[in-house]
Amino acid sequence: MRAHQPGYTLIEVVVTILAASIFLIGISQLSLTSLNLSISVSRRTVADNLSYSNLRKYVNGSGARNWFDCNAGSTATLLNSTSAVDGLPAPVTQLITASAPYGCPGTIVVTSKVTYGITNTEYVYAGYESY
């Protein structure tokens, strides 16, 4: 019978490597998830700011007489753009519409919508402007 020798057995080494591997895989998955969430939040912020900025160009307290023609009808498309936007995946669509649901003169409803990516993620703002 052999005497007890110092060192680690093969089983101990395998279990240690397996535990370390599981830990490292978990850390890498956590890092990847964190990166994906960061990118998603960044895109949402860009789309949200763009949609709100587009809305504020028209709903700013100056009245709708400069950009809304009540004689031509009660609805209008103020912007319909599919241009590229830094920070957002293509395709990016910006749509701003205005309508006078109660006729003119009256309150004009302005809607600003930004749609981006292949999943068509949307951010919509709406506001009112007097005519």
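Preceding this paragraph is the structure being described.
1. Topic: helix H1 (residues 10-58)
Here's step 1: Across its 49 residues, H1 extends 73 Å between first and last C-alpha, which sits within 8% of the 72 Å expected from 1.5 Å per residue.
Here's step 2: Residues of H1 that are buried: Ala47, Leu50, Ser51, Asn54, Leu55 and Tyr58.
Here's step 3: Tucked inside the fold, the buried residues of H1 contact strand E1 (75-81), strand E2 (92-99), strand E3 (107-116) and strand E4 (121-130).

2. As for the environment of Asp86
Here's step 1: Along the chain, Asp86 turns up in the loop between E1 and E2.
Here's step 2: Sequence separation of Asp86 and Val46 is 40 residues, and the distance between their C-alpha atoms is 8.4 Å.

3. Concerning the pairing of E3
Here's step 1: When you tally the buried positions in E3, you get 7 out of 10 residues, the bulk of the element.
Here's step 2: Pairing geometry for E2 and E3, over 8 bridges, is antiparallel. Across the sheet, residue Ala98 finds its bridge partner in E3, namely Val110.
Here's step 3: Across 10 bridges, the pairing between E3 and E4 is antiparallel. What sits directly across from Val109, in E4, is Tyr128.

4. Let's talk about the pattern of salt bridges
Here's step 1: Overall, the coordinates contain 1 salt bridge when judged by the stated rule.
Here's step 2: Here Glu122 and Lys113 are joined by a salt bridge, their closest N and O atoms 3.5 Å apart.
Here's step 3: Judged by relative accessible area, Glu122 falls into the partly exposed class, the value being 44%.

5. Quick look at the nonpolar core
Here's step 1: By size, the foremost hydrophobic cluster in this structure holds 12 residues: Leu55, Tyr58, Val59, Ala64, Trp67, Phe68, Cys70, Ile96, Ala98, Ala100, Ile108 and Val110.
Here's step 2: Those elements giving two or more residues to this core turn out to be H1, E2 and E3.
Here's step 3: In contact with Ala98, other than residues within four places in its own chain, are Trp67, Phe68, Ser74, Thr75, Ala76, Leu78, Ile108, Val109 and Val110.
Here's step 4: One finds Ala47, Val85, Val114 and Tyr123 within the second-largest nonpolar core, a separate group that totals 8 residues.

What counts, and at which threshold
- Residues numbered from 1 in each chain as written.
- Predicted model: local features only at pLDDT ≥ 70, side-chain atom pairs only at ≥ 80, totals over all residues.
- Heavy atoms only, no water.
- Helix = DSSP H or I, 4+ residues; strand = E, 2+ residues; numbered from the N terminus.
- Expected span 1.5 Å × (residues − 1).
- Buried < 20%, exposed > 50% of the residue type's maximum accessible area, 1.4 Å probe, protein only.
- Contact = heavy atoms within 4.5 Å.
- Pairing = 2+ DSSP bridges.
- Salt bridge = Lys/Arg side-chain N within 4 Å of Asp/Glu carboxyl O.
- Core = buried A, V, L, I, M, F, W, Y, C linked by side-chain atoms within 4.5 Å.

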